[in-house]
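Tertiary structure, described
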Amino acid sequence: MGKAWTFGENMNTDEIIPGRFNITIDPKELAKNVFCEVKPEFAKSVQPGDVVVGGPNFGCGSSREHAPIAIKGAGVQCVIAASFARIFFRNAINIGLPILECPEAVAGIREGDEVEVDLSSGQIRNLTTGAVFQARPLPDFVLKIAAAGGIVNFLKEHDIQELMA
Amino acid sequence: MGTLVEEIFSRKAGRRVQAGEIVLLDVDYIMSHDNTTPLAIKAFREIGKPIYDKNRIVLHLDHAYPAPNVMAAENHRKIIDFVKEQELPHLFMQGVCHQVMLEEGFVTPGAIIIGADSHSNTYGVMGAFGAGLGSTEIAVAWVTGKCWFKVPETIRIELHGQTQPGVYAKDVMIHIAGLLGMDGATYRSVEFGGEYIENLPMHERIIFPNMSTEIGAKCGLIAADQVTIDYLENETPAGGQPSPQPLSRGERGQVPSPLGGERRVRDFELLRPVNPRYERVLEIDVSTLTPQVACHPDVDNVKPLEQVEGLEVHEVYIGTCTNARYEDLEIVANMLKGKRVNPLVRVIVTPASQRIYKKALQNGLIEILMDAGCTVTGTGCGACIGRHGGILAPGERALTTMNRNFVGRMGSPLAEIYLASPATAAATALTGRITDPRKMQKSE
């Protein structure tokens, strides 16, 4: 359970973490400046378990993994967006930041609402309003990567071919 | 049978693949740069497995090079130490990664090249699949030689006619970005074709795959043809000839050329769409198009130049993987020859690569630019990522030849970035206000 932080459409990687802060790969360091230009209070006030809610094309722009790492480093439990930009989508899966695509939930969650997310079923509950949303299920191989806690951990135990098995 | 991306993937997979399928494919080259390689090294160490094929790894120092601060220097040190430790053959410090990949012959028709940089789509100009990925996946490809892909649906953009004088590929692509929007092609392959594309030289073609990233595309493709072959033969070190042996890079002699071996011969297959099924086909007539500007704060905030004409600018930046090739510098030099840029405007020119810089120097372009009052910097990504080489102050406005105008990209989040062609940049440099290049070109 956590508090929802809402963001608009086309939230790009420079807005998530401006390029000038990408001189480090330390998640905690990056987290200090995450969303600093679009929501300056976020980095100071975010609590572990909080949820980021974004509009369509969340994470567009650069290929930088610094963006999902910064969000994960801030303790965010999950990003729910109407849709994700493709590189951000891959990067989040690969580094183990849970993401759910659910336009209905994005429309039904406001800033500060208490939100509960069940990642295995994709169910999203807005505890403030009582509304329940079902996110689109993720493909099997994505679940395999997520279950391992990211692709790096997956490869420690498995051959890459097993992703498609 | 299929779209160009289906043809490329099918050839690699050794079977017919179609949009919607998820495939695990061999990759030809794996590109990363000083911004993204440190994270890949970290992931590589965590995976704890050896590199699959050192010859497939291509590293560049270009994003913050030469190092503008100690942390960037530490990144460079980390990468160079890794190259020594792993005895990697391909490390470059000679310009923007995508330009160097093309110049050095890593990009050949039908190849699959992934890069830890969003503008890796650029490689589509050679009829190759190029896509941007994150650093972790780069490390995965280092140890497996493979990458998973969802075969994308394709949007075909059919471009008809010829542009008027003063209107360039950049104007056409900015126009397309305005039509489709920043997420207009998300997850899609965008195929650019039609007689306009077929008649374009390589340096103009590059704009389309390069900026396909800005409309969300997974890849932007142009089918290889004689222009592609001519580029490989005339502009890349191996002379574009399939060779049984790896070739050396001649007088520099640091690394073997990627050209060579059996794989090379297959890379010359000129794949084309065969009875393709497109999700959508866009027909655009370029013959009536006027110069276009992508305005602050989004790439799809596109206006015909006349609507923003006269807007004051504080910096003109001519550089990046989009528009800092020899021909771009030539357009600018032709317009600035014998003139002076506005003395209150910083006009910064960053050639995309050392080879371009050298040719521009030999042919007198650099002297013309300097005499006109431009500041010519060393090669690389320069001011485009807001680390060095032309950072903007709060309240400033820049007109640039870049591909992206996100808020804060060139430094202060309170600065504004406008994107346009090199000709528009040159005209604007002269007046200090956004200016139609056709007026300046006519007066010559």
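Thresholds, definitions, all that
- Residues numbered from 1 in each chain as written.
- Chains lettered and ligands numbered in written order.
- Predicted model: local features only at pLDDT ≥ 70, side-chain atom pairs only at ≥ 80, totals over all residues.
- Heavy atoms only, no water.
- Helix = DSSP H or I, 4+ residues; strand = E, 2+ residues; numbered from the N terminus.
- Buried < 20%, exposed > 50% of the residue type's maximum accessible area, 1.4 Å probe, protein only.
- Contact = heavy atoms within 4.5 Å.
- Areas by Shrake-Rupley, 256 points an atom, 1.4 Å probe, with all protein chains shown as cover.
- Lys, Arg positive; Asp, Glu negative; His and termini not counted.
- Charge placed at Lys NZ, Arg CZ, Asp CG, Glu CD.
- Pairing = 2+ DSSP bridges.
- Axes fitted to C-alpha atoms, helices over the stretch in contact; angles between N-to-C directions.
- Buried area = accessible area lost by both parts, 1.4 Å probe.
- Salt bridge = Lys/Arg side-chain N within 4 Å of Asp/Glu carboxyl O.
- Polar contact = N/O pair within 3.5 Å; in protein donor to acceptor, adjacent residues only side chain to side chain.
- Parallel < 35°, antiparallel > 145°, perpendicular 65-115°, else oblique.
- Left-handed = near helix turned anticlockwise from the far one by under 90°.
- Nonpolar A, V, L, I, M, F, W, Y, C, P; charged D, E, K, R; others polar.
- Domains from an automatic or database assignment.
- Phe/Tyr/Trp six-rings, centres within 6.5 Å; stacked < 30°, edge-to-face > 60°.

When helices and strands are tallied, chain A shows eight helices and seven strands. Referenced to the eigenvectors of the C-alpha coordinate spread, the extents of chain A come out at roughly 40 × 40 × 25 Å. Within chain A, buried positions represent 56% of all 165 residues. A sequence separation of at least 24 residues applies to 62% of the contacts in chain A between residues at least 6 apart. Looking at chain A as shown, the accessible area adds up to about 6,300 Å², and 53% of this sits on carbon and sulfur atoms. Within chain A, the 20 negative side-chain charges are centred at a point lying 3 Å from the centre of the 15 positive side-chain charges.

Moving on, we come to the sheet that holds strand E8 (residues 154-160) of chain B. All names here are of chain B. With parallel pairing, the four strands of this open sheet are ordered in space as E10-E9-E8-E11. At either end of the open sheet lies a strand with only one pairing partner, and these are strand E10 (219-221) and strand E11 (280-285). Put simply, the sheet's adjacent strands are angled 20 degrees from each other on average, direction ignored. Note: E8 against strand E9 (residues 189-193), five bridges, orientation parallel.

All names here are of chain A. Of the strand pairs in this sheet, strand E1 (residues 2-6) and strand E5 (residues 114-118) are connected by two bridges, and their pairing is antiparallel. Directly across from Gly-2, in E5, lies its bridge partner Val-115. Here E1 runs beside strand E2 (residues 51-54); their pairing, made up of three bridges, is parallel. Residue pairing in the sheet places Trp-5 in a bridge with Val-52 of E2.

Quite often, the size of an interface is put as the accessible area lost when its parts meet. With 46 residues of chain B in contact, the opposing surface of chain A contributes 41 residues. A buried area of about 3,800 Å², summed over both sides, lies between chain B and chain A, and 62% of it is on carbon and sulfur atoms. By the criterion of area lost to chain A, the three top residues of chain B are B:Leu39, B:Trp148 and B:Tyr187, representing 17% of everything that side buries. For the pair chain B and chain A, the number of links is two salt bridges. Here A:Asp14 makes a salt bridge to B:Arg409, at a shortest N to O gap of 3.7 Å. Linking chain B to chain A there are 15 residue pairs in polar contact (both at pLDDT 80 or more).

Right, let's get into the side chain of B:Asp171. Residues and elements named next belong to chain B. For Asp-171, the location among the structural elements is in helix H6 (residues 169-180). Although Asp-171 lies buried, it forms no salt bridge, and the closest oppositely charged side chain, Lys-170, sits 8.2 Å away as judged by the N-O distance. Excluding its chain neighbours within four sequence positions, the residues that come into contact with Asp-171 are Gly-166, Leu-289, Thr-290, Pro-291, Gln-292 and Ser-421.

Let us look at the packing of helix H12 (residues 326-336) of chain B against helix H15 (residues 422-431) of chain B. Residues and elements named next belong to chain B. The N-to-C vectors of H12 and H15 enclose an angle of 30 degrees; their axes lie 9 Å apart at closest approach. Here H12 lies roughly parallel to H15, going by the angle between them. Relative to H15, the crossing made by H12 is right-handed. Facing H12, whose interface residues are Asp-328, Ile-331, Val-332, Met-335 and Leu-336, H15 presents Pro-422, Ala-423, Ala-426, Ala-427 and Leu-430. Here the residues of the contact of H12 with H15 sort into nine nonpolar, no polar and one charged.

A few words on the pattern of salt bridges. Counted by the stated rule, this structure contains 27 salt bridges over all chains. Of the charged contacts, one joins A:Glu111 and A:Lys39 as a salt bridge, the two residues approaching to 2.7 Å between their closest N and O atoms. With A:Glu111 in the loop between helix H6 (103-107) and E5 and A:Lys39 in the loop between helix H2 (27-31) and helix H3 (42-45), this pair connects stretches of sequence that are 72 residues apart. Residue classification places A:Glu111 among the partly exposed residues on the basis of a relative accessible area of 36%. B:Lys146 is paired through a salt bridge with B:Asp26; the nearest N and O atoms lie 2.8 Å apart. With B:Lys146 in strand E7 (residues 146-150) and B:Asp26 in strand E1 (residues 22-26), the pair connects residues that are 120 residues apart, well separated along the chain.

The subject of this paragraph is the sheet that holds E1(A). All names here are of chain A. Spatially, seven strands are ordered E4-E3-E2-E1-E5-E6-E7 in an open sheet, and the strand pairing comes out mixed. Strand pairing shows two members of the sheet lacking a second neighbour, strand E4 (99-101) and strand E7 (132-134), which therefore form its edges. Along the sheet, successive strands turn relative to each other by an average axial angle of 30 degrees, direction set aside. As judged from the three bridges shared by strand E6 (residues 123-126) and E7, these two strands associate in the antiparallel manner.

Moving on, we get to the environment of B:Val167. Along the chain, B:Val167 turns up in the loop between E8 and H6. Those residues in contact with B:Val167, other than ones at most four positions away along the chain, are B:Leu289, B:Thr290 and B:Pro291.

Residue and element names in this part refer to chain B. When cut into domains, chain B gives domain 1 (4-241) and domain 2 (293-443). Using only C-alpha atoms to locate each centre, domain 1 and domain 2 end up separated by 24 Å. Between domain 1 and domain 2, the residue contacts involve 38 residues of the former and 37 residues of the latter. Together, the buried faces of domain 1 and domain 2 total about 3,100 Å²; carbon and sulfur atoms form 57% of this surface. Together, Lys-170, Met-182 and His-203 form the three largest contributors to the area buried by domain 1 at its contact with domain 2, with a combined 18%. There are three salt bridges connecting domain 1 and domain 2.

We now examine the environment of B:Glu283. Residues and elements named next belong to chain B. In this structure, Glu-283 sits in strand E11. Placed 112 residues apart in sequence, Glu-283 and Asp-171 show a C-alpha to C-alpha distance of 16 Å. Excluding residues within four positions of it along the chain, Glu-283 makes contact with Glu-158 and His-160. In terms of polar contacts, Glu-283 uses its side chain to reach the side chain of His-160, at 2.4 Å.

For the rest of this paragraph, the subject is the packing of aromatic side chains. In this structure the tally under the stated criterion is 19 aromatic pairs over all chains. Between A:Phe58 and A:Phe88, the ring centres sit 5.3 Å apart and the planes meet at 75 degrees, which makes this aromatic pair edge-to-face. Of this pair, A:Phe58 sits in the loop between E2 and helix H4 (66-73) while A:Phe88 sits in helix H5 (residues 86-95), and the two are 30 residues apart along the sequence. On the basis of relative accessible area, A:Phe88 is assigned to the buried category, the value being 2%. Ring geometry for B:Phe44 and B:Phe82: centres 5.5 Å apart, planes at 80 degrees, overall edge-to-face. With B:Phe44 in helix H2 (residues 37-47) and B:Phe82 in helix H3 (residues 70-86), the pair connects residues that are 38 residues apart, well separated along the chain. Judged by relative accessible area, which is 6%, B:Phe44 ranks as buried.

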